[in-house]
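Residues per chain are reported as follows:
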Amino acid sequence: MAKKHNVKGQVGHVERFNPAFKAVKDKIENPMFIETHRLAEFNPRGTDVPVVLDLMIHDIDAILSVVKSKVKSVNASGVAVISDSPDIANARIEFENGCVANITSSRISMKNMRKSRFFQKDAYISVDYLEKICEVVKMKDAPEVPGDFDMILQNAEGVKKQIYFDNPQVDTNNAILEELETFADAINNNSTPIVTLEDGTEALRVAYMIIESMERK
């Protein structure tokens, strides 16, 4: 309908505008293992739908935005503790390029948590969406003469790597306001929105694959 009537549409995945995620998104290159935890204290709001659609879908969208590969398979399990639909769920998504994402979401936790970790060759990247902080740990070939404070690791083959931190600056923002402003810019400048309708559709498709996998258990 949007294409037929030549109008713009943007899906409200506000975590794309989280300053911690924005600070490291360009540093996430070909991740091969991703682990996310989105845990929330119980709130009756949203319990009429599975936790996959309530909470997990935000991490699904973020993952799909950095993994440039199609989903190969999904295996998931969930438990309905106090709702008619699952309150806690775990999904393992395998991509065609070999990347694996392990996603956990819960709305019956004792504390709130929104963390993601991305592992790729010679780098580890963590994002805390709640605290709006991020961390980038990289490895490179160790110098022949390390400095006194250099962190050096040596594997069983004798290869030495230097660990160093490359933490980008996190610029404070109002994510919801920025989301709306970029949508307005897309309309005014006839450009592509940050989270397209196609992005939202794909995240929803994967979410329903997860729900279907849970229902088969």
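Values in this document were obtained by computation on a predicted structure and should not be read as measured data.

## Considering the nonpolar core
In a soluble, globular protein the nonpolar side chains are often hidden away together inside.
Now for step 1: Among the nonpolar cores identified, the biggest contains 40 residues, and V52, I60, I93, F95 and I210 are the most heavily contacted of them.
Now for step 2: Elements with a minimum of two residues in this core: helix 2 (19-24), helix 3 (51-66), strand 2 (71-79), strand 3 (88-95), strand 4 (100-106), strand 6 (123-128), strand 7 (133-141) and helix 5 (197-215).
Now for step 3: Of the residues forming this core, the biggest block, ten residues, is contributed by helix 3.
Now for step 4: Contacts of I210, omitting those with residues within four sequence positions, involve V52, M56, I60, V74, A76, A91 and I93.

## Description of the packing of helix 3 against helix 5
Now for step 1: As a packed pair, helix 3 and helix 5 sit with axes 9 Å apart at the nearest point and diverge in direction by 125°. By the criterion of interaxial angle, the relationship of helix 3 to helix 5 is oblique. Along this stretch, helix 3 crosses helix 5, giving a crossing that reads as right-handed. On helix 5, the residues that touch V52, L53, M56, I57, I60, D61 and L64 of helix 3 are D199, E202, A203, L204, V206, A207, Y208, I210, I211 and M214.
Now for step 2: In the contact of helix 3 with helix 5, the residues fall into 14 nonpolar, no polar and three charged.

## Some points on the state of the cysteines
Now for step 1: For the coordinates displayed, the defined rule picks out zero disulfides.
Now for step 2: Not engaged in a disulfide, the cysteine C99 finds its nearest cysteine sulfur in C134; these two sulfurs lie 19 Å apart.
Now for step 3: Residue classification places C99 among the buried positions, given a relative accessible area of 0%.

What counts as what
- Chains are numbered independently. Their residues run from 1 in the order of the written sequence.
- For this predicted model, a pLDDT threshold of at least 70 governs which residues receive local features, and a threshold of 80 or more governs which side-chain atom pairs are given and counted, while totals over whole chains, interfaces and linings are taken from all residues.
- In computing side-chain properties, one takes all heavy atoms of the structure into account and sets aside hydrogens as well as water.
- Here, the term nonpolar core denotes a set of buried Ala, Val, Leu, Ile, Met, Phe, Trp, Tyr and Cys residues that are joined through side-chain atoms within 4.5 Å.
- For every residue, the accessible area obtained with a 1.4 Å probe (protein chains only) is divided by the maximum for its type, and the residue is called buried under 20%, exposed over 50%, and partly exposed between those limits.
- What counts as a helix is a DSSP run of H or I of at least four residues, what counts as a strand is a run of E of at least two, and both are numbered from the N terminus.
- Two residues form a contact once any of their heavy atoms are found within 4.5 Å.
- For every element, the axis is a line fit to its C-alpha atoms; helices are fit only across the contacting stretch, and the angle between N-to-C directions ranges from 0 to 180 degrees.
- An angle below 35 degrees is treated as roughly parallel, one above 145 as roughly antiparallel, one from 65 to 115 as roughly perpendicular, and anything else as oblique.
- Crossings are assigned a handedness: left-handed for a near helix turned anticlockwise from the far helix by less than a right angle, right-handed for a clockwise turn.
- Each residue gets one label: Ala, Val, Leu, Ile, Met, Phe, Trp, Tyr, Cys and Pro are nonpolar, Asp, Glu, Lys and Arg are charged, and the others, such as Gly, are polar.
- When the sulfur atoms of two cysteines come within 2.5 Å, that pair is taken as a disulfide.

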